[in-house]
Every structure is written in C-alpha cells, then in structure tokens.
Amino acid sequence: MFTIELVDALDGSDALAKRRRAAAERAVAAGQPSFTAEEWRYTPIDDLDVSHYSFGAPGGTAGPVGLLGGVDAAAAAVVRITNGVVVEATVRCEGISVCTLGDGAEDLMGIVAADGPDVFGDWNLALASAPIAIRIDPRAVVRAPIIVHCHTDADALAWFPRLVVDAGRTSEATVIEHHTSGDGPALISPLTELSVGDGANLAHLTVQELGSAVWQIANHCADVGRDGNLRIGHVAMGGEYARARIETTMTGRGGHSEIDAVYFGQGTSTLDFRTFQTHVAPHTTSDLLFKGAVDDHGRAVYTGLIRIEADAAHVVAEQTNRILKLSPHAWAQSVPNLEIENNDVQCSHASSIGPVNADQRFYLESRGVPTDVAEALVVRGFFGEVLEVLPSVEVAASVRDRIDQLLDDPAEHRAASDSGAAA
C-alpha cells in the first residue's frame, strides 16, 4: 500500500509526526484487506491496486455546488478543500472556530478515533494533509449550517480528508460534509470524528456525489455524551466503489443517536455501508433507517450491528435497511445483526430487498397511470420517509429532484451529471 516514508514529508508538530508514524506502522503491518475478511465481505476490495494512484496534495479550485445548491450563501462557515489543500476557510458567525493544520487541528485529531477503525483509518491519520477541526463553543446555538466541501479533480490522486467536529456542552449545530469529483479515477479515504458533548445537539450530513471512476473508503466515528443528541444523515449518489463505515458509541446516560441514509446506485457502481450502534451507557437510544435503490448493474451492500454492552440496561435500539432493485441485473445484500449482553433492553432489526411493490404499482395502474409512471411514483414515495428527516431541508429537496430526474430519464441524467461534476 502506501509507505511510512510518506509521513516524514508532511507538516505538523513532533507529537503529530510520532502519531502519524505509529499509525503508518500499524497500517503497513495490517496490509491491504481482502474480501475474505468478514468486514470486507461482498466487496470488490481485492480489485483495488493502490499502485495506480499517487499520494499528494496538488490543490486546485473549488468544486461544483451539486446537490447543495445555494446552501453556502446562508452558511455559518464554509470550508473548501480541493485535492488535499484547504483553499477557503471562512467563519461568518460567533460560537464557531475552524482549525487547520498548525492551528489546533492536530490537537483534536483522535478525539473519538485515536486509532483507525480499519487500515484505511490508520492511513488517514498517517497521511491526512489538510485536517480540519471545527469547535462549537459550549452553549452556542448555531442556526445556519457549517459547510465543508471536499473536491477531487486530479486524476489518479490518493488523499485522506480528515474532519473533526467537537460540539461543546449544550451547544447546537449542523455540519454538512460534501464530496464531489471530476470524471477521472481517484482514491479518497475520509475519516470524520463527531464528539457530542453533554446535552449537545449535533446534526451531521454527508452528501456524496462522486464520479463513476472514483473509489471512496470512508469512516465516520461518533461519541455521544450524557443527554446528547446526534443526527447523522448520509446521501450516496456516486462512485465506482463507495464505502461508508459509520459507528456511533453511546457513552453518556440519556444519549440518543439517529442515523438515516438515502442511496441510489447506477451503472456498475457499488455502494457499501457498514454501521455499528454501540451502547455503553444505560438509558440510551438509537434509531437507524436506510433506504436505497440499485439500477442497471449497480450493487448495494449493507451490514449493521447493534451492540449492547453489559452495563447498558434500559436501552432502546432499532435498525432498518430496505433496498429496491430497479433492474434484473442489479444486486444487493443486507445483513442486520444484534449482539446483546444485557437482558433489560428493547432491540429490533428489519431488512428487505426486492423490486417495486407490485400491489402499489397495480393500484396506480388500475386508475389509469402508465406502468413506468406508476413505478416511478412508488419509488419516490419509498424514499420520502428518509428525505423528510435529513438534517437539511434544502439538500433533501435537491436529492428528491435528483432521484426524480434519474427515474424520468436515467441515461440522459447520468451523462448530464458526469459533465456537471467535471465542470
């Protein structure tokens, strides 16, 4: 994979350099994962040849607005990172601080994920060239969203975005993380850390609309304190192979987390989700709802685990993933799991994979709606439940429009999307 020597060329304090080298040593020792490992089951990970990519930080100009539309105009802060270089960091309101490398970001790296949750997480710590840390002051209420754009348009580039959000006690904020790219190949491995202080309310939304030649292997790690509330939203609309490993750990009594995702796979893309709802403290709750569709020869993989530790009594946790297959050539796998070490809990999981509901389609057809229109209406309704709870109303509306366009004329819209991403 990558080499320890790459670490020595990066900026940062001596303490950070020591942490980077230790992470690189762990990654080198682990080696590249294989699909024979359970956590990489059903994936094309064996097809990844990192020698096809060059690690670097060439920088560049800002990427397209994409599904975020005009959300930037009213944002509380805007950060733009292109090809591993911060090109803008603007704060427009009080109660927020944005830290870059050498300005405090390295002090917060590892606040939730001290070690990488997998080998790519370790390489992220070792090689993150432009880490960003966002601090929300205790008791600060930030009404407008904080936007972080990560854009890639250098062909065959490998880079490692790192975002840390530290929400102070009883604060409130929404952070939107936006990933875009050009048409060329790239390997992007982001790691996002979310620390929710006692009584804080944090919403985090990832919007992924990468080009069809891009591999993204992402990790999201969150810790929720006492009476804290975390809302995670995830939108996945692109990539050749796009993986999101999302782990929430409920460490404070009375904490709550909600994880919702909308995903749409097309062409030959593979969208891969691994979720972990871990309850350490008692009287905590978590709720997960994922809804996706795969068309053409697209593939979708979901595996989820609810883990209740021995001291976590009076926990309520739910997990639901539903996938629509819109093509006979599409493929999907969904594997929910429970691991419970305390008997005084309420846990449930649900999973389904299948075509558009025939009864719903027939109901519309019987009232004169053409078959293709009826099927599109059913798909739109299928996604509605998740779109209504995404942390951004504006982004949810853009995603709804994008899904409408894909259903109306998928081939034409895919061509338009590819040309727009490269603009």
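Values in this document were obtained by computation on a predicted structure and should not be read as measured data.

Undergrad: Would you take a moment to explain the state of the cysteines for this structure?
TA: Note on terminology: a disulfide is the covalent bond linking the sulfur atoms of two cysteines. Counting across every chain of the model gives zero disulfides. Considering cysteine sulfurs only, Cys99 is the nearest to Cys93, which forms no disulfide, with 15 Å between them. For Cys93, a relative accessible area of 31% puts it in the partly exposed group. Under the relative-accessibility criterion, Cys99 is labelled buried at 6%.

Undergrad: Can you walk me through the sheet that holds strand S14 (residues 229–236) in this structure?
TA: Within a sheet, neighbouring strands are paired by backbone hydrogen bonds and run either parallel or antiparallel to one another. The strand order across the open sheet built from ten strands is S3-S2-S6-S9-S12-S14-S16-S18-S20-S22, with neighbouring strands paired in mixed fashion. With partners counted over all chains shown, the strands left at the sheet margins are strand S3 (85–91) and strand S22 (345–354), one partner each. Each neighbouring strand pair of the sheet contributes to a mean axis angle of 5°, computed without reference to strand direction. Inspection of the sheet shows strand S2 (residues 77–82) paired to strand S6 (residues 146–152) by six bridges, in the parallel sense.

Undergrad: Mind showing me how you'd approach the packing of aromatic side chains here?
TA: Given two aromatic rings, one states the distance between the centres and the angle between the planes to describe the pair. This structure, assessed with the given rule, holds eleven aromatic pairs. Ring centres of Phe2 and Trp123 lie 5.7 Å apart, and the angle between their planes is 75°; on these two criteria the pair is classed as edge-to-face. With Phe2 in the segment before helix H1 (14–30) and Trp123 in helix H3 (residues 119–127), this residue pair connects regions lying 121 residues apart in the sequence. Both residues of the pair, Phe2 and Trp123, belong to the buried class. Ring plane angle 55° and centroid distance 5.5 Å describe the contact between Phe290 and Tyr302, whose orientation is recorded as tilted. Note that Phe290 is positioned in strand S18 (residues 285–294) and Tyr302 in strand S19 (residues 299–308), a separation of twelve residues in sequence. By relative accessible area, Tyr302 is classed as buried at 1%.

Undergrad: I tried to follow the nonpolar core on my own but got confused; where do I start?
TA: Burial of nonpolar side chains together is a common tendency in soluble globular proteins. If you look at the biggest cluster of nonpolar residues, it comprises 53 residues, and the most contacted ones within it are Ile134, Ile146, Leu202 and Phe290. Examining the composition of this core, we find that four residues originate from one element, strand S15 (residues 241–250), more than from any other. Residues within four places of Ile134 in sequence aside, it is in contact with Ile96, Ser97, Val98, Ile146, Val148, Leu163, Val164, Val165 and Asp166. In this structure, Leu68, Val78, Phe264 and Val379 belong to the second largest nonpolar core, which totals 30 residues.

Undergrad: Sorry, what's going on with the side chain of Thr275 here?
TA: Take Thr275: it is sitting in strand S17 (residues 270–279). Within the local environment of Thr275, its side chain forms a polar contact with the side chain of Tyr302, the two groups lying 2.7 Å apart.

Undergrad: Sorry, what's going on with the layout of surface pockets here?
TA: Picture a little ball the size of a water molecule; that probe, rolled over the atoms, points out where space is still empty. Quantified by volume, the second largest pocket comes out at close to 330 Å³. Taken together, 19 residues make up the lining of the second largest pocket; nearest its centre are Glu38, Glu39, Trp40, Arg243 and Phe276. Listing elements by their share of the lining of the second largest pocket, those giving two or more residues are S15, S17, S19 and strand S21 (331–340). The class makeup of the residues in the lining of the second largest pocket is eight nonpolar, five polar and six charged.

Undergrad: Explain unusual backbone geometry here, please?
TA: A negative phi angle is the norm for most residues apart from glycine, just as the trans form is the norm for most peptide bonds. Backbone geometry places Arg139, a non-glycine residue, at a positive phi of 70°. Mapped onto the secondary structure, Arg139 falls in the loop between strand S5 (132–136) and S6. Using a relative accessible area of 66% as the deciding quantity, one classes Arg139 as exposed. One non-glycine residue, His283, lies in positive phi territory at about 55°. As for its placement among the helices and strands, His283 is situated in the loop between S17 and S18.

Undergrad: Teacher, can you tell me more about the side chain of Thr206 here?
TA: Checked against the element boundaries, Thr206 lands in strand S12 (residues 201–209). Among the residues examined, Thr206 registers a relative accessible area of 3% and is labelled buried. With near-sequence residues (within four places) excluded, Thr206 lies in contact with Glu177, His179, His220, Gly233, His234 and Val235.

Undergrad: I tried to follow the environment of Val379 on my own but got confused; where do I start?
TA: Along the chain, the position of Val379 falls in helix H5 (residues 371–387). Under the relative-accessibility criterion, Val379 is labelled buried at 1%. Each C-alpha atom, one on Val379 and one on Ile4, is 47 Å from the other, the two residues being 375 residues apart in sequence. Among all residues touching Val379, those that are not within four sequence positions of it are Leu324, Leu326, Val356 and Leu407.

Undergrad: Honestly, the packing of H1 against H3 in this entry has me stumped. Any pointers?
TA: Axis separation between H1 and H3 bottoms out at 8 Å; the angle between their running directions is 150°. Viewed along their axes, H1 and H3 adopt a mutual orientation that is roughly antiparallel. Seen along the crossing, H1 lies across H3 with a hand that is left-handed. In this structure, H1 uses Arg19, Arg20, Ala23, Ala24, Arg26, Ala27, Val28 and Ala30 to contact H3, whose residues at the interface are Val119, Asp122, Trp123, Leu125, Ala126 and Leu127. Classifying every residue of the contact of H1 with H3 gives ten nonpolar, no polar and four charged.

Undergrad: In this structure, what is going on with the confidence of the model for the protein? I would like to understand it.
TA: As a general rule, the predicted coordinates of low-pLDDT regions are not to be interpreted in detail. Looking at the protein as a whole, the pLDDT averages 94, with 96% of positions reaching at least 70. Per-residue pLDDT stays below 50 along residues 411–423; that stretch engages in 17 contacts with residues further than four places along the chain or on separate chains.

Undergrad: Teacher, can you tell me more about the packing of helix H4 (residues 358–365) against H5 here?
TA: Helix-helix packing: each pair is described by the crossing angle between the helix axes and the interaxial distance. Close contact between H4 and H5 brings their axes to 9 Å; oriented N to C, the two are set at 130°. As far as their axial angle goes, H5 and H4 are oblique. The two elements H4 and H5 meet at a crossing, and its hand is right-handed. Contacts from Gln360, Arg361, Leu364 and Glu365 in H4 reach Thr371, Ala374, Glu375, Leu377 and Val378 in H5. Partitioned by chemical class, the residues of the contact of H4 with H5 number four nonpolar, two polar and three charged.

Parameters at a glance
Residues numbered from 1 in each chain as written. Predicted model: local features only at pLDDT ≥ 70, side-chain atom pairs only at ≥ 80, totals over all residues. Heavy atoms only, no water. Disulfide = S-S within 2.5 Å. Buried < 20%, exposed > 50% of the residue type's maximum accessible area, 1.4 Å probe, protein only. Pairing = 2+ DSSP bridges. Helix = DSSP H or I, 4+ residues; strand = E, 2+ residues; numbered from the N terminus. Axes fitted to C-alpha atoms, helices over the stretch in contact; angles between N-to-C directions. Phe/Tyr/Trp six-rings, centres within 6.5 Å; stacked < 30°, edge-to-face > 60°. Core = buried A, V, L, I, M, F, W, Y, C linked by side-chain atoms within 4.5 Å. Contact = heavy atoms within 4.5 Å. Polar contact = N/O pair within 3.5 Å; in protein donor to acceptor, adjacent residues only side chain to side chain. 1 Å grid on protein atoms, 1.4 Å probe; cavity = no way out; pocket = protein on both sides within 12 Å on 5 of 7 lines; lining within 4 Å. Points joined across faces, edges and corners; volume = space filled by probe spheres on them. Nonpolar A, V, L, I, M, F, W, Y, C, P; charged D, E, K, R; others polar. Parallel < 35°, antiparallel > 145°, perpendicular 65-115°, else oblique. Left-handed = near helix turned anticlockwise from the far one by under 90°. pLDDT = per-residue confidence, 0-100.

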